[in-house]
Amino acid sequence: MEVIKIGEIEIRIKKVGKEDYISLTDMAIKRSERRPDELISDWLRNLGTLQFIEAWERFYNPNFNSGQMPGFYYNETANRKKVTVKKLVEMTGAIGIRSQAGRGGGTYAHVDIAFEFGTWLDPAFKLALIVDYRRMKEAENPRLEYSRFLAKVNYGLQTDAIEENIIPRLGDGKSKNMAYAIEADMLNQILFGMTARQWREANPELASSGLNMRDCASPEELHILANMESHNEDLISKGASQEARARSLAAMAERQLARLTKANRLLTKDQ
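As a starting point, this report considers the structure included with it. (Residues numbered from 1 in each chain as written. Predicted model: local features only at pLDDT ≥ 70, side-chain atom pairs only at ≥ 80, totals over all residues. Heavy atoms only, no water.)

### Concerning helix α9 (residues 176–192)
Each α-helix turn comprises 3.6 residues. Residues three or four places apart therefore point the same way.
Thought 1: Taking 1.5 Å as the rise per residue, α9 with 17 residues should run 24 Å; its terminal C-alpha atoms sit 24 Å apart, in good agreement.
Thought 2: One or two steps after α9, the chain reaches G193, where phi turns positive at roughly 80°. (Helix = DSSP H or I, 4+ residues; strand = E, 2+ residues; numbered from the N terminus. Expected span 1.5 Å × (residues − 1).)

### Here we look at helix α3 (residues 47–60)
Thought 1: In a regular helix each residue adds 1.5 Å, so 14 residues correspond to 20 Å; α3 covers 20 Å between its end C-alpha atoms and thus fits that length.
Thought 2: Regarding α3, the residues found buried are T49, L50, I53, E54, W56 and E57. End-on, the buried residues of α3 take up no more than an arc of 165°, which puts them together on one face. Exposed residues on α3 whose side chains face more than 90 degrees from its buried face are R58 and F59.
Thought 3: The N-terminus of α3 is capped by N46, whose side-chain oxygen sits 2.9 Å from the backbone nitrogen of G48. (Buried < 20%, exposed > 50% of the residue type's maximum accessible area, 1.4 Å probe, protein only. Arc of directions from axis to C-beta. Polar contact = N/O pair within 3.5 Å; in protein donor to acceptor, adjacent residues only side chain to side chain.)

### Looking at the sheet that holds strand β3 (residues 19–23)
Thought 1: A sheet is described by the order of its strands in space; here five strands give the open sequence β1-β2-β3-β5-β4, paired in antiparallel fashion. Only two strands of the sheet have a single partner each, and these edge strands are β1 (2–6) and β4 (97–100). The mean inter-strand angle of the sheet, taken between neighbouring strand axes irrespective of direction, is 30°.
Thought 2: Taken together, the four bridges between strand β2 (residues 9–16) and β3 define a ladder with antiparallel strand orientation. Bridged to K14 within β3 is Y21.
Thought 3: The strands touched by helix α7 (residues 123–139) within the sheet are β1, β2 and β3, with β1 carrying the most contacts at an inclination of about 140°. (Pairing = 2+ DSSP bridges. Axes fitted to C-alpha atoms, helices over the stretch in contact; angles between N-to-C directions. Contact = heavy atoms within 4.5 Å.)

Limitation: the analysis is restricted to geometry and does not speak to function.
Next up, the structure:
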């Protein structure tokens, strides 16, 4: 069992099959004036919570008995009985949330549902949990760490090429930093479909926590990005125009993404 520590609160994470389940009980301790089970029960009576859990279960759980959900919705709207995890699981066959008695027990939920609980508790607390959870998963994934390292190294090669071949041709009124930003955003547009600024505007919470679009990229995307930076450095050194480089880089990204997607499908099939 793994643990994330946010401030003084230790939050347990356990594996259920290949999936991570986060302790809602530990998260609820943030509201120390209430018993965790009471707080979780209140959250389960929330209409938005029930709708999210039903949507999640319908998507991931083929054995989910959605026919039992109207009774839970009635309890919420009529402000009647408490909704317990045990009853929800027994009545619907839900797999995304569960209670465990005994040592190390408590209520656990799939990360998707746990983050939804975090939103209800405190959005800032949820963001801290997401950031620490991502860091933990990245530390477990050497391939992702290597992809980040390779992208950073090749970014340095690209900036060297810009400094040697593009910046000397700029007029005095143009910023060197602008030249770097233009090249970086050309690659961002090709690979991610948006500039760094557009990503920040679309993801203000992640941006405010210090993350950028490349921090949130997959290992495959980072691998392609590193290759694009290396290829762009070569094209810049050869004097290719930005328009020509953009065409070449877009074709390269499309080819490599198709190959990596196919390879991942084959790998997943073999596992």
